[in-house]
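Residue strings, one per chain:
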Amino acid sequence: MVSEEYCQKKDYLDYIFQYFDADRNGKISRQELAGAINRMGFKVPAKFIHDLISEADINKDEEISYE
C-alpha cells in the first residue's frame, strides 16, 4: 500500500518536472532548463546550466531524465 503522503510528493515532483520539460518527452534539455530558469526571472550563465545538467545527467546523454 502506498501512503497518501508519498502520492502527494510524487504528484508534486511530476508537476515540477513538467514545468521544465517543455516538449513533454520525459527529459530536460539544456535549452528547456535555460528557458524555465528565464521564465522564473533569473539570468544565469551558460556554464551554470551546463553544470546543472552535468551533475544530474545519470546516463550521460546531455539531458535530465525522470522516471
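Refer to the structure printed above.
Values in this document were obtained by computation on a predicted structure and should not be read as measured data.

Visitor: Before we move on, could you go through the overall build of the protein chain and cite the residues and values that matter?
Guide: Check the secondary structure of the protein chain and you find 3 helices and 2 strands. Ordered by position in the sequence, the α and β elements of the protein chain form the string α-β-α-α-β. Taken over the C-alpha atoms alone, the protein chain extends approximately 45 × 30 × 20 Å along its principal axes. Residues counted as buried form 21% of the 67 residues belonging to the protein chain. Long-range pairs, those at least 24 residues apart, make up 38% of the contacts in the protein chain between residues at least 6 apart in sequence. As displayed, the protein chain has an accessible area near 5,300 Å², and 60% of this comes from carbon and sulfur atoms. In the protein chain, 9 positive and 14 negative side-chain charges are present, and the distance between their average locations comes to 5 Å.

Visitor: Lay out the environment of Ser 65 in plain terms, naming residues and giving numbers.
Guide: Mapped onto the elements, Ser 65 comes out in strand β2 (residues 64-65). Between the C-alpha atom of Ser 65 and that of Ser 29, which follows or precedes it by 36 residues, the distance is 9.1 Å. Among residues more than four places away in sequence, those in contact with Ser 65 are Phe 17, Gly 26, Lys 27 and Asn 59.

Visitor: Give me the lowdown on the environment of Pro 45, citing residues and values where you can.
Guide: With respect to the secondary-structure elements, Pro 45 resides in the loop between α2 (30-39) and α3 (46-56). Under the relative-accessibility criterion, Pro 45 is labelled exposed at 55%. In sequence terms Pro 45 and Ala 22 are 23 residues apart; their C-alpha atoms lie 20 Å from each other.

Visitor: Tell me about the nonpolar core, and name the residues and values.
Guide: Counting residues in each nonpolar core, the largest one holds 9 residues, listed as Phe 17, Phe 20, Ile 28, Leu 33, Ala 36, Ile 37, Ile 49, Ile 53 and Ile 64. Only α1 (4-20), α2 and α3 provide two or more residues apiece to this core. Discounting chain neighbours no more than four positions away, the residues touching Ile 49 are Arg 30, Leu 33, Ala 34, Ile 37 and Val 44.

Visitor: Describe the packing of α2 against α3, with residues and values.
Guide: For the pair α2 and α3, interaxial distance at closest approach is 10 Å and the crossing angle is 120°. The angle between the axes of α2 and α3 places the two elements in the oblique class. Considering only the axes of α2 and α3, their crossing is right-handed. For the pair α2 and α3, the contacting residues are Arg 30, Leu 33, Ala 34 and Ile 37 in the first and Phe 48, Ile 49, His 50, Leu 52, Ile 53 and Ser 54 in the second. Its residues assigned to classes, the contact of α2 with α3 shows 7 nonpolar, 2 polar and 1 charged.

Rules used throughout
Residues numbered from 1 in each chain as written. Predicted model: local features only at pLDDT ≥ 70, side-chain atom pairs only at ≥ 80, totals over all residues. Heavy atoms only, no water. Helix = DSSP H or I, 4+ residues; strand = E, 2+ residues; numbered from the N terminus. Buried < 20%, exposed > 50% of the residue type's maximum accessible area, 1.4 Å probe, protein only. Contact = heavy atoms within 4.5 Å. Areas by Shrake-Rupley, 256 points an atom, 1.4 Å probe, with all protein chains shown as cover. Lys, Arg positive; Asp, Glu negative; His and termini not counted. Charge placed at Lys NZ, Arg CZ, Asp CG, Glu CD. Core = buried A, V, L, I, M, F, W, Y, C linked by side-chain atoms within 4.5 Å. Axes fitted to C-alpha atoms, helices over the stretch in contact; angles between N-to-C directions. Parallel < 35°, antiparallel > 145°, perpendicular 65-115°, else oblique. Left-handed = near helix turned anticlockwise from the far one by under 90°. Nonpolar A, V, L, I, M, F, W, Y, C, P; charged D, E, K, R; others polar.

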